[in-house]
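Structural features, examined
One-letter residues, chain by chain:
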Amino acid sequence: MTPLQRLLALGIGLLVIVAPLPFGAVEQRSTLLLVAACAGLGVGWIVERTRRGRPPLPWSDPVLLAGLLFVLFAASQTLPLPPAALAALSPKAAELRQANEPAGAPGLAAVTPASSPATPAAASARAAADWRPISLYPFATRQATVRFIAYLVAALMAIDLCAASAPRRILAASLVAGGAFQAIYGLAEFFSGRQQIFGYVKKHYTDVATGTFINRNHFAGFLAMTLPMTIALAALILRRPAAGETASLGEKLARLSGRRLFAATGLLLLALTMTTALVCSGSRMGIASALVGLLAVGAPYLGRGRGRGLAIGALLVAGVTLVLFSQGQAADAILGRFALSAQDLSGAMGRRSIWSQAGAMAAAFPVAGAGLGAFRHVFPAFRTTGAGSYLDHAHNDYLELAAETGLVGCAVVAAGLLLVIVPLVRRAAARPDFGPIGPAAAAGLAAVLVHSLTDFNLAIPSNALTCAVLAGMVVAWLRIPAPELAATPRPGRARLGRALVPAGGLAALALLPLTPLPGGDAERYFDRAGKAGQAAMDDLQVLVRTQGDGHDAHAAARYVERRLGEAIEVQVEGLRNLPTSARGHLELGHLALARCGAAALAGDEPAGCVAGAVEPLYAAARLDPMSASTHALIAQALLGSWPILAADERERARPTVAWALRINPGDAALRALWKAQGGS
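Structure report, in brief. (Residues numbered from 1 in each chain as written. Predicted model: local features only at pLDDT ≥ 70, side-chain atom pairs only at ≥ 80, totals over all residues. Heavy atoms only, no water.)

1. With respect to the overall build of the protein chain
Across its full length, the protein chain carries 29 helices and two strands. A total of 680 residues make up the protein chain; the buried ones form 50% of that total. Across the protein chain, the fraction of contacts at a sequence separation of at least 24, relative to all contacts at a separation of at least 6, is 77%. (Helix = DSSP H or I, 4+ residues; strand = E, 2+ residues; numbered from the N terminus. Buried < 20%, exposed > 50% of the residue type's maximum accessible area, 1.4 Å probe, protein only. Contact = heavy atoms within 4.5 Å.)

2. Details of empty space enclosed by the protein
Across all of its chains, the model carries one cavity of 30 Å³ or more by this definition. Of the voids in this model, the largest cavity is the one considered here, and its volume is about 30 Å³. Around the largest cavity sit Ile197, Tyr200, Lys202, Lys203, His204, Thr210, Phe213 and Ile214, which together line it. Classifying every residue of the lining of the largest cavity by side-chain character gives four nonpolar, two polar and two charged. (1 Å grid on protein atoms, 1.4 Å probe; cavity = no way out; pocket = protein on both sides within 12 Å on 5 of 7 lines; lining within 4 Å. Points joined across faces, edges and corners; volume = space filled by probe spheres on them. Nonpolar A, V, L, I, M, F, W, Y, C, P; charged D, E, K, R; others polar.)

3. Side note on unusual backbone geometry
A positive phi angle, close to 55°, is found at Phe198, a residue other than glycine. Counting through the fold element by element, Phe198 comes out in the loop between strand 1 (196-197) and strand 2 (200-201). According to the relative accessible area criterion, Phe198 is partly exposed, its value standing at 39%. For Tyr205, which is not glycine, the phi torsion reads 55° and is therefore positive. Assessed through its relative accessible area of 28%, Tyr205 is described here as partly exposed.

4. Here's the deal with helix 11 (residues 258-280)
Here helix 11 contains 23 residues, and its C-alpha end-to-end distance of 32 Å stays within 8% of the 33 Å for a straight helix at 1.5 Å per residue. For helix 11, the complete set of buried residues consists of Ala264, Leu267, Leu270, Ala271, Leu272, Met274, Thr275, Thr276, Ala277, Leu278, Val279 and Cys280. (Expected span 1.5 Å × (residues − 1).)

5. As for helix 27 (residues 628-640)
Between the first and last C-alpha of helix 27 there are 18 Å, a value that for 13 residues agrees with the 18 Å anticipated at 1.5 Å per step. Along helix 27, the residues classified as buried are Ala628, Thr630, His631, Ala632, Ile634, Ala635, Ala637, Leu638 and Leu639. Residues of helix 27 that are buried in the fold lie against helix 24 (582-602), helix 26 (615-623), helix 28 (647-663) and helix 29 (668-676).

Here it is in structure tokens:
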């Protein structure tokens, strides 16, 4: 093992340990740093490969080919298509864009009136401006693609590094260290009653252990992935003395030094601590998936020499855990959780209802999906139950993937898996030098794949990274390494030239997430428009209060109107990038209503200004029908405009206000505002 290989293994291992600390790296800044770290390690890996005389990247590796195939598909979702092609490939995406992109958005055909002079150049510009991508939020798709590339790089590095025993053990030890810290920290917070994540006071799951994760299921998912490796390292220590393969377990234990016996016992106690934390998380699927992973991989080795230690250790840890938690209140709590499984599947917020709604979204985008990473931005429009509850994932990673990528994307994933799996299953046996580490990695991988049937562990960056490392270890374990011929030495400049392009690409990937480029980020547009619009609305309120004070109110109102118009242009550009944003439409409605008020003060209010200004409010209601907070804000805006709404507009607004009152039963201020406008 070269020093650079050791450094790379330590870097990946440290990343596995550190990534879960900031809430599973779900916050944008943490995710971007994780991507940058993976890309930076990838650059070092490319340099290390070229220094050994190998190609900068393993171009013929099926894992790389499968990953690039999926990356190309995801990139194709962000390419603008002509209207006819978009309507053919994704009719629902075309429909949602047509219904929700503001008519005055820059680049839309409605900007240029039909009566305007038509020139070939103008017609060509309008046609090009009407092109739209399949993804309903290309920015999110690009971000998700970048994250996937980071995980792919981590998996490829794990495959390469695990060919040597020392890096393999570093990665295995890092997985154990990460799981151990999470278990001990989670149990400390749980039993102390402090229930904090460092300085953050938990608001949810305050009665269970969650480690440094917000959600107990993601905490349990991380433990389920790392628990088998803890048992495997204990088994590895127990089988290391050379007493012959025919020696009994007692003879092997008798030949162990005190230090090794102490280390193995410590690891088994650590595994018991992790199972205790897993049980204290209260995650039913986390417990079940960990058990399934251990049984699916450990059971076949129970009667064999190699891997038998893993199976025995798993049974030992599971048995002790069962004894510890089979008595008293702990048993009642655990059994009570499992007894409620059938009940929790049903109901407005049960998994069955969530899957049904996510399935409806997947059926609406059957061919190419709504866009990788766009689920949370599109799914609210398909909500039919669970009013007042927030949902941003399908609670099934496979169903969410189907909704985001469609049949084409699922076919690409299936083809990639076949490309990787078929050569592996043709092998007669796995690498014997892995010992129990290989089966343990497979057990952890199986656990997270099973858990993903009812949750979204793979949407959590830290867990996805851990899954990628485990997948790389499994692939390396199942491959029989081919003999490497000595490479012809190349001059230093030649080696540098071979590595320059791939290393530069990964370096750009590392820097791209950290670069504050707009890139179609709708949230940035909304924030900019909100700041500019709020300042203009504050000035408008001052102008209304100071009317008749002798200043030129008309000129001041026109100035405020112009500023509001500029904010509206920014808001509209954001909605062009994300037309399904209820927040974007709601804020656009507020800005448009304020602009009507400024135009009225200036004496140049166009006909139907208010009627047009409330249209974005109805769009927000359509796009997020189950959000109590969104509907409360919509109702407040409509009721605030009640005196200037025409009679037919009031009738149209009544059902929207009534629904807002229904899903906000405790909002006394909203109900009082409704009564003040004559409602009952």
